[in-house]
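Residues per chain, in single letters:
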Amino acid sequence: MSEHRINIFLRLRPTKGQICKYEALEDSSKIVIEVPKENMAQEVINNQKEKHEFSFNHIFDRETRQEDIFNKVAGPVMNAALDGYNGTIFAYGQTGSGKTFTLTGGPEKYEDRGIMPRCLSMMYNQFKKRTDYTYQVHVSYLEIYNDSGYDLLDPALETQAKSLEDLPKVSLMEDEDSNIHLRNLSAHPAATEEDALNLLFLGETNRATSETPMNLASSRSHCIFTIFITATQVGSDVTRKSKVHLVDLAGSERVYKTRAQGDLLNESKYINLSLHYLEMCIVALQERRGNKKHFVPYRNSMMTSVLRDSLGGNCKTSMIATINPNKDHTDESMSTCRFAQRVACISNAVKVNEEVDPQRIIKRLKKEVADLREELALLRGGDEEEVELSEETFKHLRSKVDDYIKDPSPDAELNIGPHMGKLRYC
């Protein structure tokens with residue numbers, strides 16, 4: 001088991017308005033935001049300080065391409081997941097700062113693909129290169145709307161349910177080892193990249209979005225797209241199981257700025273409350289560094305319960321903070337940067353998730369017993385009576401041999417029984 005510090009990244013959204021004064025320092029690892037005293041808003045806590053410096057693993061300027069962000073933020077996490085480590089990538093920032101675009105991408109250009117589709121593409125390309133392993137992939141898509149969980153991939157959305165509220169809610173179950181299990185959340189097999197992308201886009205179309213004064217298509221919920229990877233080395237009974245959470249958090253926002261009313265106001269309350277609970281967990285994890293028994297309030301909200309491993313658990317986690325450098329949003333940008341600094345103080349204890357698969361051991365032992373029985377039957381003469389094989393038997397044997405040759409699985413077998421005539425023909 002090794003210690004892994006959460007990596008934090010910052011992305012500046014392109015904007016047409018007047019931008020605040022900022023500069024990146026030391027090879028894009030530090031940013032200085034300048035807040036002139038005469039323009040200070042009431043939200044800025046330290047009104048005696050004009051320049052605020054924040055450190056990140058990397059800062060992406062307004063012209064950065066999606067591919068560069070993926071390579072820096074998500075590439076190392078996905079490579080680790082293929083080696084058996086859990087991973088999480090989550091985006092945090094105010095409404096309209098570019099979180100969803102960073103994670104899912106834009107619909108107009110192929111190069112605008114976000115982190116999620118690029119992760120799937122990279123994963124399946126790596127499967128083709130790692131020929132000494134066999135892989136199985138399942139995906140799930142959880143939406144947390146007003147602190148209630150819903151399955152975005154529930155088949156009932158296409159047939160029976162008219163909205164998410166008509167579906168059974170996803171509920172949390174905790175076992176005696178403090179592991180979280182999600183009831184009513186489906187996990188769908190994805191044998192190919194196309195299958196996985198179709199499931200991703202299906203979930204995206206079912207998300208809750210609304211038009212707000214700050215964003216025409218604002219995400220009104222937290223969404224967690226999870227990839228479950230099971231890897232088994234050829235000829236081994238050891239199985240590696242890892243999972244990757246790709247988390248699009250709803251935007252933090254000041255209600256007086258959004259001028260929200262009615263349902264939008266109610267959604268904003270739940271969004272801000274869940275983000276407040278997230279910050280409480282992060283502050284508690286900071287304080288726990290010197291005292292391992294310090295209580296961390298994961299159970300305060302559904303989101304923090306689901307992300308328990310990602311924050312302070314067995315997981316390699318990266319956070320990308322997004323800010324709008326428009327001068328009107330300077331206070332929100334600084335709030336996002338301060339949140340990221342607190343996240344950077346958290347360390348996770350990570351390990352490879354390996355376990356011996358009893359089903360594979362049983363299957364292997366059964367095969368060994370069957371092989372030994374066939375060898376014993378041959379040594380005893382088997383059912384050997386030199387009877388001429390029929391043409392129908394020849395066709396059946398040819399078919400079995402062809403299927404065996406075409407089967408790409410390393411566990412493929414050619415079973416024809418302890419019959420010397422059939423063995424000679426094959």
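Note that the structure is a prediction, hence the values are computed from the model and not measured. (Residues numbered from 1 in each chain as written. Predicted model: local features only at pLDDT ≥ 70, side-chain atom pairs only at ≥ 80, totals over all residues. Heavy atoms only, no water.)

## Section: the nonpolar core
And step 1. Membership of the largest hydrophobic core comes to 44 residues, with the highest contact counts inside it found for Leu10, Ile31, Phe56, Leu249, Leu278, Met319 and Val343.
And step 2. Among the elements of the structure, β2 (7–12), β4 (30–34), β7 (87–93), β8 (133–145), α7 (263–287), α8 (302–306), β17 (316–323) and α9 (330–343) are those that each provide at least two residues to this core.
And step 3. Looking at this core, the element that brings in the most residues is α7, giving seven residues.
And step 4. Aside from chain neighbours lying at most four places away, what touches Leu278 is Leu249, Met303, Thr304, Leu311 and Phe339.
And step 5. Counting 41 residues, the second-largest nonpolar core is a separate cluster that includes Phe9, Met78, Leu120 and Met123. (Core = buried A, V, L, I, M, F, W, Y, C linked by side-chain atoms within 4.5 Å. Buried < 20%, exposed > 50% of the residue type's maximum accessible area, 1.4 Å probe, protein only. Helix = DSSP H or I, 4+ residues; strand = E, 2+ residues; numbered from the N terminus. Contact = heavy atoms within 4.5 Å.)

## Points about the side chain of His222
And step 1. For His222, the position within the fold is in strand β15 (residues 222–233).
And step 2. A polar contact is formed between the side chain of His222 and the backbone nitrogen of Ala250, at a distance of 2.9 Å.
And step 3. What His222 contacts, discounting residues up to four positions off in sequence, is Leu142, Glu143, Ile144, Asp248, Leu249, Ala250, Ile271, Ser274, Leu275 and Met303. (Polar contact = N/O pair within 3.5 Å; in protein donor to acceptor, adjacent residues only side chain to side chain.)

## Some points on the environment of Phe127
And step 1. Mapping Phe127 onto the fold places it in helix α3 (residues 115–129).
And step 2. Placed 104 residues apart in sequence, Phe127 and Ala231 show a C-alpha to C-alpha distance of 9.7 Å.
And step 3. If sequence neighbours within four positions are ignored, Phe127 has contacts with Leu82, Tyr135, Val137 and Ile229.

## What about the packing of aromatic side chains?
The description of an aromatic ring pair uses the distance of the two centres, along with the angle that the planes make with each other.
And step 1. Within the structure shown, the criterion is met by six aromatic pairs.
And step 2. Seen from their ring centres, Phe9 and Phe60 are 6.1 Å apart, and the 25° between their planes marks the pair as stacked. In this pair, Phe9 sits in strand β2 while Phe60 sits in strand β6 (residues 58–60), placing the two residues 51 residues apart along the sequence.
And step 3. Classification of Phe60 as buried rests on a relative accessible area of 3%.
And step 4. Aromatic side chains Tyr133 and Tyr135 sit 6.1 Å apart centroid to centroid with 35° between the ring planes, which places their arrangement in the tilted category.
And step 5. An aromatic cluster is built from Tyr124, Phe127, Tyr133 and Tyr135, whose rings are joined through pairwise contacts.
And step 6. Over the aromatic face of Tyr110 sits the side chain of Arg113, whose NZ or CZ is 4.1 Å from the ring centroid.
And step 7. A cation sits over an aromatic face here: Lys316 above Tyr85, 4.5 Å from the ring centre. (Phe/Tyr/Trp six-rings, centres within 6.5 Å; stacked < 30°, edge-to-face > 60°. Lys NZ or Arg CZ within 6 Å of the ring centre and 35° of its normal.)

## Some details on the packing of α7 against α9
And step 1. Relative orientation of the contacting elements α7 and α9 amounts to 40°, with a least axis distance of 9 Å. On the basis of their axis angle, the class for α7 and α9 is oblique. Crossing of α7 over α9 shows left-handed handedness. In this structure, α7 contributes Leu278, Glu279, Ile282, Val283 and Gln286 to the contact, and α9 contributes Phe339, Arg342 and Val343.
And step 2. Along the lines of polarity and charge, the residues of the contact of α7 with α9 split into five nonpolar, one polar and two charged. (Axes fitted to C-alpha atoms, helices over the stretch in contact; angles between N-to-C directions. Parallel < 35°, antiparallel > 145°, perpendicular 65-115°, else oblique. Left-handed = near helix turned anticlockwise from the far one by under 90°. Nonpolar A, V, L, I, M, F, W, Y, C, P; charged D, E, K, R; others polar.)

## Looking at the pattern of salt bridges
Think of it this way: side chains of opposite charge can pair up when their charged atoms draw near.
And step 1. Per the stated rule, a full pass over the model turns up 10 salt bridges.
And step 2. Of the charged contacts, one joins Glu53 and Lys30 as a salt bridge, the two residues approaching to 3.4 Å between their closest N and O atoms. Separated by 23 residues along the polypeptide, Glu53 in strand β5 (residues 51–55) and Lys30 in strand β4 bring together distant segments of the chain.
And step 3. Using a relative accessible area of 46% as the deciding quantity, one classes Glu53 as partly exposed.
And step 4. The residue Arg299 makes a salt bridge to Glu174 at a minimum N-O spacing of 3.1 Å. Linking Arg299 in the loop between α7 and α8 with Glu174 in strand β10 (residues 171–174), this pair joins segments that are 125 residues apart in sequence.
And step 5. With a relative accessible area of 34%, Glu174 lands in the partly exposed category.
And step 6. Each of the salt bridges in this network shares a partner with another, and the network as a whole consists of Arg65, Glu67 and Asp68. (Salt bridge = Lys/Arg side-chain N within 4 Å of Asp/Glu carboxyl O.)

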